[in-house]
Structure formats: structure tokens, C-alpha cells
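Working through the structure, step by step
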Amino acid sequence: MMRQALLLGDTVAPYHPVGGVMKVLQRVYDGVFDITLEEDYGNLTLDRLKSYDMVISYIDNWGVKGSRKAVAALVSYVADGGNLLALHNGMVMTRDCHEFALLLGARFLGHPSQVLIDYSRTDVDHPISERFEDFKTTEESYQFDFDDFTEKQVLVQSRYAKSSVPAVWCHRYGWGKVVCVVPGHQVESFRGPVRKILYKAGLWFIDRI
Amino acid sequence: MKKKLFLSGDYTYPLYHPLKNVDSEIFAILGDDFEFALNTEHFESLEDYEYARFDTVLLYNDHWIDKSPTVHQQVQALLHYVLNGGGLLVVHNLDPGVDYEMAQMLGGALKKTLAPQNHRHIDYFPAAVDHPILQGVGPFSLEDDLFDIHHDRLTDKTVLLNARIEEGIEVPMAWAIEFGLGRVVYIAPGHDVTTFRNPEYRKLLRNAALWTAGGLPGPGKDTSL
């Protein structure tokens with residue numbers, strides 16, 4: 001039985017249009033999840049979200065379309081047992097909404113220009129990062145203010161210059177699960193090791209690994 | 001019409017803070033505005049839809065850790081309730097903060113009670129903010145506990161009350177949070193029944209209960225950003 005995923009994003013976006021990423025995600029989750037795109041994410045309701053096994057945030061225009069009702073629905077969806085995959089810019093709405101920052105365990109602060117970043121697996125033993133191969137790529141290095149209380153497991157760490165920042169982490173929230181994947185500025189970001197992380201995150205959500 | 005309140009605290013096995021005797025003061029402070037729709041110390045199995053009938057929930061529990069390992073149900077139910085428009089007022093006992101999601105929603109967790117415990121003289125001052133909870137509330141002094149609180153830096157809170165612990169040093173002792181579509185208030189003083197008899201404290205508690213129940217105007221009504 002195919003599971004259902006709702007992708008939140010913007011076809012016409014200030015920085016990160018969702019079109020190419022949607023095609024990549026359809027290939028990643030082929031045979032596991034059907035993906036529906038939702039661009040009117042400011043009008044999300046808990047009732048609507050409840051019918052999905054996974055919500056993927058690639059939101060890029062929260063400042064214009066976002067609403068407190070939608071944040072309440074998203075956080076409640078996860079607390080009630082839903083699964084949230086937050087990708088790159090899909091974590092940025094944390095600047096406006098502390099509830100969403102608390103859900104992710106991080107508040108986005110900003111990022112310098114793209115740099116060459118080393119991504120490496122941490123010592124945490126988790127099915128999502130099992131057999132992850134360390135790699136380097138040019139990416140935006142997102143800066144976060146991390147929450148002290150979130151019981152997160154950091155699975156992949158990013159390093160450049162003297163900076164070392166979590167790049168992939170996961171945790172449970174209420175009855176639900178959250179996976180945050182920081183790299184994802186362009187379609188090319190979702191190749192190789194990151195693609196495997198996304199696939200396994202989907203399986204972890206539905207208890208297949 | 002009176003609003004509906006769910007009151008919980010520990011009658012049978014309180015660690016330090018029995019609800020007995022405190023409850024009668026709470027009834028007197030809130031009785032004109034609230035109907036006490038439920039008063040139980042056992043709410044670990046209460047489901048989210050059962051909270052929907054309350055306008056606010058007042059927790060005075062210091063036995064939280066014993067209830068927590070059930071199935072995480074009380075955490076899910078309270079998160080769901082507040083996110084979808086419910087009110088939560090936690091008085092004194094920050095014990096719900098042992099669950100991290102609750103610590104985030106409450107704005108922090110207890111690190112420790114500072115010595116001397118139980119009956120330390122504390123001067124409280126309303127913060128210089130325009131908030132409906134502070135209407136008519138003046139400075140006051142109590143013999144109470146002083147908590148060392150680990151504040152959550154990501155929780156957007158409006159500090160309502162500060163304690164002056166030394167000349168020039170004030171620490172937050174009550175705050176208000178808009179969380180999802182709901183409202184949360186934490187009030188640190190409340191160690192025993194004498195605190196609940198202080199006239200300024202009574203005003204603060206009544207206003208806080210009314211605000212969390214949506215009965216006072218102010219921040220929290222706007223659903224746009």
C-alpha cells in the first residue's frame with residue numbers, strides 16, 4: 001500500500017522553487033510514498049494533515065503565506081503522531097514562529113555565501129544514517145540557535161573552516177517524529193548520501209526500518 | 001457565563017506541595033469567574049478530546065515524574081489542547097518540565113530550588129510591560145521558594161513578574177507565552193497556602209487564569225503573523 005506524503009513548497013519562490021525538488025523526491029520515494037504538493041500552506045488544517053503519513057517542508061515564502069493557524073496545525077500534527085521532514089529552507093520559518101523552532105529544535109539565524117562543506121556521520125547508531133558515506137560539496141552553511149531541551153540525535157555533522165554544525169538530526173516530539181536535513185540548496189544537493197538519508201527517513205517514519 | 005477550569009494537584013502523594021488547603025484559596029480566587037469542571041490528580045490517561053471542554057487547565061502537580069512514563073499521553077494531550085486554542089496555567093511546580101516538550105511550551109525547566117528553601121523572603125515586582133495580566137497588580141513580598149530556572153532561549157515569552165534577589169539583580173518569576181492558538185502562563189511563587197492569601201498575588205493569579213482562558217483581551221487573538 002502506498003503511503004501519502006504532503007510536500008509544502010512554492011513553485012514560484014524567492015530563493016528555492018520546489019519544482020525540481022519535487023521530481024527528485026518522487027524518484028526517491030518511488031513505490032513508498034505518493035507525493036502531493038501543497039502551495040497554499042498558510043491555510044493548512046490539522047484535519048487535512050492527519051491524512052498524510054509524512055509532511056515534507058520545503059517552504060520558501062513563509063513570510064508572505066504563513067499563518068499562526070498553519071503553525072499550530074503542523075506542530076499539533078506531529079505531537080499527535082505525524083512525521084515531519086524539514087529540508088533546508090523548509091526550516092527557515094523558525095524566524096517567525098517559536099513553536100516551529102521548538103519543534104525542529106533549532107532557530108534559523110542566517111547563512112554566509114556557499115562554501116565547500118565536509119559532511120560526516122557521527123558516532124550515533126541510527127538506521128537513518130547507517131552506511132552513510134562521508135562527502136564534500138558546495139552548499140549554504142546554515143547557522144542555527146539550537147534548543148537546549150530538544151532530545152535530538154545528531155546523525156551527520158557539517159564542517160568548514162573552524163565551524164562544526166549539525167547537518168542531519170532526528171527526534172521524537174509528542175507521539176510523532178521529526179527529521180531535519182540542512183543541505184538542500186539546489187537539486188544537486190539531494191544526490192548520493194543525502195538521497196539515502198531522505199529515503200531512510202521516510203522508512204523510519206513508517207516503521208519500516 | 002462562567003468559564004470551565006480543570007484543576008489538578010496532588011492530594012494523596014504530594015512530594016512537597018499538597019493541593020489540600022491551597023485548593024480552597026484557588027476556589028475563592030477564581031470562583032466568581034470559573035466553574036471547577038474537573039478536579040483530579042489523575043489525568044495521565046486523559047485524552048486530547050477530553051480537554052476540549054475546558055477553557056483553561058491549572059496545574060499544581062509536583063508528582064509529574066511518576067505519571068510521565070505511561071505512554072507520553074498527557075504530554076501529547078496537553079500539547080494538542082494548547083496548540084489548538086486551550087489555556088494552561090502552571091503554578092509553582094515546574095515538574096511538567098521533566099518532559100522536554102512541556103519545558104519548551106512552559107518556557108523552561110527547574111534546575112533547583114535555591115537555599116534557603118521554603119520560606120525565603122522574596123520581593124516581587126511587576127515587569128514594565130503592558131499586559132492584561134498585570135492590570136491592577138502592584139509589587140508584593142512573600143515567604144516562598146526561589147527557583148533556579150533553565151530558561152528555553154527559543155520560547156518567546158513575555159516576562160510579567162521579576163524577583164529582586166540582590167540589589168540590581170532581578171530574575172523572571174512569571175511569564176506569558178502564546179503557543180500555537182493557545183496561551184500559557186507560568187507563575188513561580190505558590191509554595192504554600194500563605195502565598196495564595198496575598199492580595200496582589202490573588203489578582204495576578206485571577207488575571208492569569210482569565211487570560212489563558214481567553215477571557216481578557218490582548219496578545220493571542222490575532223491568527224495572522
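Residues numbered from 1 in each chain as written. Chains lettered and ligands numbered in written order. Predicted model: local features only at pLDDT ≥ 70, side-chain atom pairs only at ≥ 80, totals over all residues. Heavy atoms only, no water.

Here's the deal with the overall build of chain A
Secondary structure assignment for chain A yields 6 helices and 11 strands. The C-alpha radius of gyration of chain A comes to 16 Å, within 12% of the 17 Å expected for a compact globule of 209 residues. Taking the principal axes of its C-alpha atoms as reference, chain A extends roughly 45 × 35 × 35 Å. Sorting the 209 residues of chain A into buried and exposed places 62% on the buried side. Within chain A, contacts between residues at least 6 apart in sequence are counted, and of these 70% link residues at least 24 apart. Measuring between centres, the 23 positive side-chain charges of chain A sit 3 Å from its 26 negative side-chain charges. (Helix = DSSP H or I, 4+ residues; strand = E, 2+ residues; numbered from the N terminus. Rg over C-alpha atoms; globule rule 2.2 N^0.38 Å. Buried < 20%, exposed > 50% of the residue type's maximum accessible area, 1.4 Å probe, protein only. Contact = heavy atoms within 4.5 Å. Lys, Arg positive; Asp, Glu negative; His and termini not counted. Charge placed at Lys NZ, Arg CZ, Asp CG, Glu CD.)

Brief notes about the interface of chain B and chain A
Contacts between the two partners involve 31 residues from chain B, matched on the other side by 32 residues from chain A. Carbon and sulfur atoms supply 58% of the area that chain B and chain A bury against each other, a total of about 2,800 Å² over both sides. Along the contact surface separating chain B from chain A lie 3 salt bridges. Its salt-bridge partner being Arg-107 of chain A, residue Asp-156 of chain B comes within 3.4 Å of it at the nearest N-O pair. (Buried area = accessible area lost by both parts, 1.4 Å probe. Salt bridge = Lys/Arg side-chain N within 4 Å of Asp/Glu carboxyl O.)

Quick look at the packing of aromatic side chains
Residues and elements named next belong to chain A. As enumerated under the stated definition, the model contains 24 aromatic pairs over all chains in all. Where Trp-204 meets Phe-205, the ring centres are 6.0 Å apart and the plane angle is 35°; that geometry is what we call tilted. Residue class for Phe-205 comes out buried when judged on its relative accessible area of 4%. Ring pairs connect the aromatic residues Phe-108, Tyr-142, Phe-144, Phe-146 and Trp-169, which therefore count as one cluster. (Phe/Tyr/Trp six-rings, centres within 6.5 Å; stacked < 30°, edge-to-face > 60°.)

Brief notes about a positive patch on the surface
All names here are of chain A. A contiguous patch of positive charge, built from Lys-23, Arg-27, Arg-191 and Arg-195, is present on the exposed surface. Along the chain, Arg-191 falls in the loop between β11 (176-181) and α6 (193-205). A residue is classified by how much of its surface remains accessible, and Arg-191, at 54% relative accessible area, is exposed. (Patch = residues over 30% accessible without salt bridge, like charges linked within 9 Å, V, L, I, M, F, W, Y side chains within 5 Å. Areas by Shrake-Rupley, 256 points an atom, 1.4 Å probe, with all protein chains shown as cover.)

Description of the state of the cysteines
Linking two cysteines covalently through their sulfur atoms gives a disulfide. Residue and element names in this part refer to chain A. Inspection of every chain in the model, using the stated rule, returns 0 disulfides over all chains. This cysteine, Cys-97, is not joined by any disulfide, and Cys-180 carries the nearest cysteine sulfur, 15 Å off. Left without a disulfide partner, Cys-170 is nearest to the cysteine sulfur of Cys-180, which lies 9.2 Å away. (Disulfide = S-S within 2.5 Å.)

Some details on the nonpolar core
By size, the foremost hydrophobic cluster in this structure holds 114 residues, and its most contacted members are Tyr-173 of chain A together with Tyr-51, Leu-88 and Phe-179 of chain B. In terms of residues, this core owes the most to one element, helix α4 (residues 68-79) of chain A, which gives 8 residues. With residues near it in sequence (within four places) discarded, Tyr-51 of chain B still touches Phe-6, Phe-43, Leu-46, Val-57, Ala-77, Leu-78 and Tyr-81 of chain B. Counting residues in hydrophobic clusters, the runner-up holds 39 residues, among them Val-32, Ile-117, Tyr-119 and Ile-206 of chain A. (Core = buried A, V, L, I, M, F, W, Y, C linked by side-chain atoms within 4.5 Å.)

Comments concerning the sheet that holds β11 of chain A
Residue and element names in this part refer to chain A. Strand order in the open sheet made by the 9 strands is β2-β1-β3-β4-β11-β10-β9-β6-β7, with mixed pairing throughout. Looking at strand neighbours, the two that pair on one side only are β2 (33-38) and β7 (135-139), the edges of this open sheet. Sheet twist, expressed as the average angle between the axes of neighbouring strands with direction ignored, equals 25°. In this structure, strand β3 (residues 54-57) lies alongside strand β4 (residues 83-87), joined through 3 bridges in parallel fashion. Each residue of the ladder has a partner; that of Val-55, found in β4, is Leu-84. Across the sheet, helix α1 (residues 19-28) lies against β1 (3-8), β2, β3 and β4, angled at about 165° from β2, the strand it touches most. (Pairing = 2+ DSSP bridges. Axes fitted to C-alpha atoms, helices over the stretch in contact; angles between N-to-C directions.)

What to know about the sheet that holds strand β10 (residues 169-179) of chain B
Residues and elements named next belong to chain B. Reading across the sheet, the 9 strands line up as β2-β1-β3-β4-β11-β10-β9-β6-β7 and stay open at both edges, with mixed pairing between neighbours. Whereas interior strands pair on both sides, the edge strands pair on one side only; in this sheet they are β2 (34-39) and β7 (140-144). The mean angle between the axes of side-by-side strands here comes to 25°, regardless of whether they run parallel or antiparallel. Here 5 bridges tie strand β6 (residues 120-126) to β7, and the two strands are oriented antiparallel to one another.

Quick notes on the packing of α1 of chain A against α6 of chain A
Residues and elements named next belong to chain A. One can describe the packing of α1 onto α6 by two numbers: an axis separation of 10 Å at closest approach and a directional angle of 65°. In this structure, α1 crosses over α6, and the sense of that crossing is right-handed. Only Arg-195, Leu-198 and Tyr-199 of α6 make contact with α1, whose side of the interface consists of Leu-25, Arg-27 and Val-28. Residues of the contact of α1 with α6, tallied by class, amount to 4 nonpolar, no polar and 2 charged. (Left-handed = near helix turned anticlockwise from the far one by under 90°. Nonpolar A, V, L, I, M, F, W, Y, C, P; charged D, E, K, R; others polar.)

Things to note about the pattern of salt bridges
Residues and elements named next belong to chain B. Counted under the stated rule, the structure contains 17 salt bridges over all chains. Residues Arg-197 and Glu-25 are paired through a salt bridge, measuring 3.0 Å at the closest nitrogen-oxygen approach. One end of the pair, Arg-197, is in the loop between β11 (182-187) and α6 (199-212); the other, Glu-25, is in helix α1 (residues 22-30), with 172 residues separating them in the sequence. Judged by relative accessible area, Arg-197 falls into the partly exposed class, the value being 48%. We classify Glu-25 as buried; its relative accessible area is 12%. Linking Lys-203 and Glu-200 is a salt bridge whose minimum nitrogen-to-oxygen distance equals 3.2 Å. Here Lys-203 pairs with Glu-200, and both are found in helix α6, just 3 residues apart, close to one helical turn. Judged by relative accessible area, which is 34%, Lys-203 ranks as partly exposed.

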